[in-house]
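Listed below are the residues making up each chain.
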Amino acid sequence: MGTLLVTGGAGFIGSNFVHHVLEHTDHTVIVLDKLTYAGNAASLAGLPEDRVRLVEGDIADAALVDELFGQVDAVVHYAAESHNDNSLHDPRPFLDTNIIGTYTLLEAARKHDKRFHHISTDEVYGDLELDDPARFTEDTPYNPSSPYSSTKAGSDLLVRAWVRSFGVKATISNCSNNYGPYQHVEKFIPRQITNVLRGIRPKLYGKGENVRDWIHADDHSSAVLTILDKGVIGETYLIGADGEKDNKSVVELILALSGQPTDAYDHVTDRAGHDMRYAIDSTKLRTELGWTPRYQDFEAGLKATIDWYRENETWWAPAKDGVEAFYASKGQ
Ligand code: NAD
Ligand code: DAU
C-alpha cells in the first residue's frame, strides 16, 4: 500500500485510472490537476475523501511539484493538452504543458528518486496506410504529425533521456484511442453521441475513411496498473485492444444504437494533416506482463457509453454549446 500522485487525474483517462486504483488496490491518491477546460472535479465525485485528494495546480509549477513529490511513493503522469484540433488552432499550451510540464515532473522525479510512469499516445509513431497490414510496435520510429503528437513525442524522449542520463526509474506507455464515460465532448465519440442526443447531425471529417484503434478506458487503466506493478524500468509498452474501426462505421453504429437512420450525418471540412490510420500491436505487454483487455465487444462498450451520456447530461451540457460554436467557426 502506498500513495500515488496522478497528474491530470480530473481528465478523461486520468479520472478513470483514479477510480480503477481505488477499486482494485489499497493505494491512496493525490491528484494534481490544473482544471483546464478539460478537467472536471465532478469526474471524481463520490470517491472516499480519506483516499483521494485533489490539488488544483500546474505540473509546470516546480515548487508545488517538489512539495507533492515529497508526499508520494510513485507518480503516474496523465496531464496534457490532449486534443489535436486545438493544437492546430493554438499550439502554445501544448508546449507549456506537454514539454515544460513533463520536464518539471522529471526533475522532481530525479531529485526525489521516485518511480515515474509516463502516459503517452500511439500518435507519436505517425500514421499507417489503410492497406498496410503493419501495426505499431515498440520499435516503430517516431514520426509525429500534429503539434499535439509532436509535443507528446518530445515528452517521451525527455523521459528516455532522464532514464539514461540520470537513472530516473521511469516507464512509458503509448496507448491507442480511448472511449468510455467522462470523455470531453470535443472528442469524436462523445461529440457524435451528444449531437444525436441534442438532435444535431453527427459530423464526419472528410470521407470518414480514417481508422482509429479503439480501446475502453477501463482497459487502459488496468494496463497502466500492470505496468506500474510489473513493468521493467526504462521500457516502453504499447497498449491496444485490437479495436480498429473507420470513423464512418463508428458514426453509423452510434446512429443505429440511438435508433436513427444510419445515413443521418454530415461530411464536414477535414482536419489539416489528418492521420489516416493507427493500429497497435500490444504483444509485448500481453506476453511479458500478462495483461489482457476485458472489453472485447466494441458495440456493447459503445452502447454503455451512449447510455452514460444520456443519463449524465449535467456532466457534459455546460461544455457542449461552446465546443459546437468552436467547430462551426472552422466549418466542422
Ligand atoms: P483530457 O484532456 O481529458 O485530460 C487532461 C487533464 O490534464 C485535464 O484534467 C486537465 O485539466 C489536466 N491538465 C492539463 N494541463 C495541465 C497542467 N499544466 N497541469 C496540471 N494538469 C493539467 O485528456 P485525456 O484524453 O484524459 O488524456 C490523458 C493522457 O492520456 C494524455 O497524456 C494523453 O496524451 C494520453 N492519451 C490519451 C488518449 C485518448 O484517447 N484520449 C490515448 C492515448 C494517450
Ligand atoms: O490515438 C490516441 C489519441 O487519440 C490521443 O493521443 C488523443 O489525445 C486523443 O484525442 C485521440 O486523438 P484523435 O485525433 O484520434 O481523436 P479525436 O477524437 O479527435 O478524433 C478521432 C477521429 O475522428 C479522427 O480521425 C478525427 C475524426 N473526427 C473527430 C471529430 C472531433 C471526426 O470525423 N469528426 C469530429 O467531429
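Not measured: the values here are computed from a predicted model. (Residues numbered from 1 in each chain as written. Chains lettered and ligands numbered in written order. Predicted model: local features only at pLDDT ≥ 70, side-chain atom pairs only at ≥ 80, totals over all residues. Heavy atoms only, no water.)

Q: Is there a simple way to think about the site of ligand 1 in this case?
A: Taken together, 28 residues surround ligand 1, and among them I13, D33, S82, Y148 and K152 come closest. Note that an oxygen atom of ligand 1 is positioned 2.6 Å from one of the side-chain N or O atoms of D33. Separating an oxygen atom of ligand 1 from a backbone N or O atom of N178 is a distance of 2.9 Å. Against a free-state accessible area of 830 Å², the protein chains account for coverage of 97% of ligand 1. Elements that contribute at least two residues to the shell around ligand 1 include exactly α1 (12-24), β5 (115-121) and α5 (147-166). Top element by residues in the shell around ligand 1 is β5. It accounts for three residues. For the shell around ligand 1, the residue count by class is 12 nonpolar, 12 polar and four charged. (Near = heavy atom within 4 Å. Polar contact = N/O pair within 3.5 Å; in protein donor to acceptor, adjacent residues only side chain to side chain. Areas by Shrake-Rupley, 256 points an atom, 1.4 Å probe, with all protein chains shown as cover. Helix = DSSP H or I, 4+ residues; strand = E, 2+ residues; numbered from the N terminus. Nonpolar A, V, L, I, M, F, W, Y, C, P; charged D, E, K, R; others polar.)

Q: What is the right way to look at the packing of aromatic side chains in this model?
A: The geometry of an aromatic ring pair is captured by the separation of the ring centres together with the interplanar angle, meaning the angle of the planes. In this structure the tally under the stated criterion is 14 aromatic pairs. With a centroid separation of 6.5 Å and 40° between ring planes, the pair formed by F136 and Y278 is classed as tilted. With F136 in the loop between β5 and α5 and Y278 in the loop between β13 (266-268) and α9 (283-289), this residue pair connects regions lying 142 residues apart in the sequence. Of the two residues examined, F136 and Y278, each falls in the buried class. Ring pairing ties together the aromatic residues Y125, F136, Y142 and Y278, which thus form one cluster. Just above the ring of F166 sits the side chain of R110; from NZ or CZ to the centre is 3.6 Å. Here the guanidinium or amino end of K284 rests over the ring plane of Y237, the centre of that ring lying 4.8 Å away. (Phe/Tyr/Trp six-rings, centres within 6.5 Å; stacked < 30°, edge-to-face > 60°. Buried < 20%, exposed > 50% of the residue type's maximum accessible area, 1.4 Å probe, protein only. Lys NZ or Arg CZ within 6 Å of the ring centre and 35° of its normal.)

Q: Just checking my understanding: could you explain the site of ligand 2 for this structure?
A: The full set close to ligand 2 counts 25 residues, and T121, D122, Y148, R271 and H274 are the nearest of them. In this structure, an oxygen atom belonging to ligand 2 sits 2.9 Å away from a side-chain N or O atom of N247. Considering ligand 2 on its own, with 700 Å² of exposed area, one finds that the protein chains cover 94% of that surface. Broken down by secondary-structure element, the contributors of at least two residues to the shell around ligand 2 are α6 (188-198) and β8 (203-205). For the shell around ligand 2, the class distribution of residues is seven nonpolar, 10 polar and eight charged.

Q: I tried to follow the packing of helix α4 (residues 92-112) against α5 on my own but got confused; where do I start?
A: The packing of two helices is summarised by the inter-axis angle and the distance between the axes. For the pair α4 and α5, the least separation of the axes is 9 Å and the interaxial angle reads 15°. In terms of orientation, α4 and α5 fall into the roughly parallel class. Note on packing geometry: the crossing formed by α4 with α5 is right-handed. Counted together, F94, L95, N98, I99, T102, Y103, L106, E107 and R110 of α4 and Y148, T151, K152, G154, S155, L158, V159, W162 and F166 of α5 form the full contact between these two elements. (Axes fitted to C-alpha atoms, helices over the stretch in contact; angles between N-to-C directions. Parallel < 35°, antiparallel > 145°, perpendicular 65-115°, else oblique. Left-handed = near helix turned anticlockwise from the far one by under 90°. Contact = heavy atoms within 4.5 Å.)

Everything listed here is a matter of coordinates, which is why it stays silent on function.
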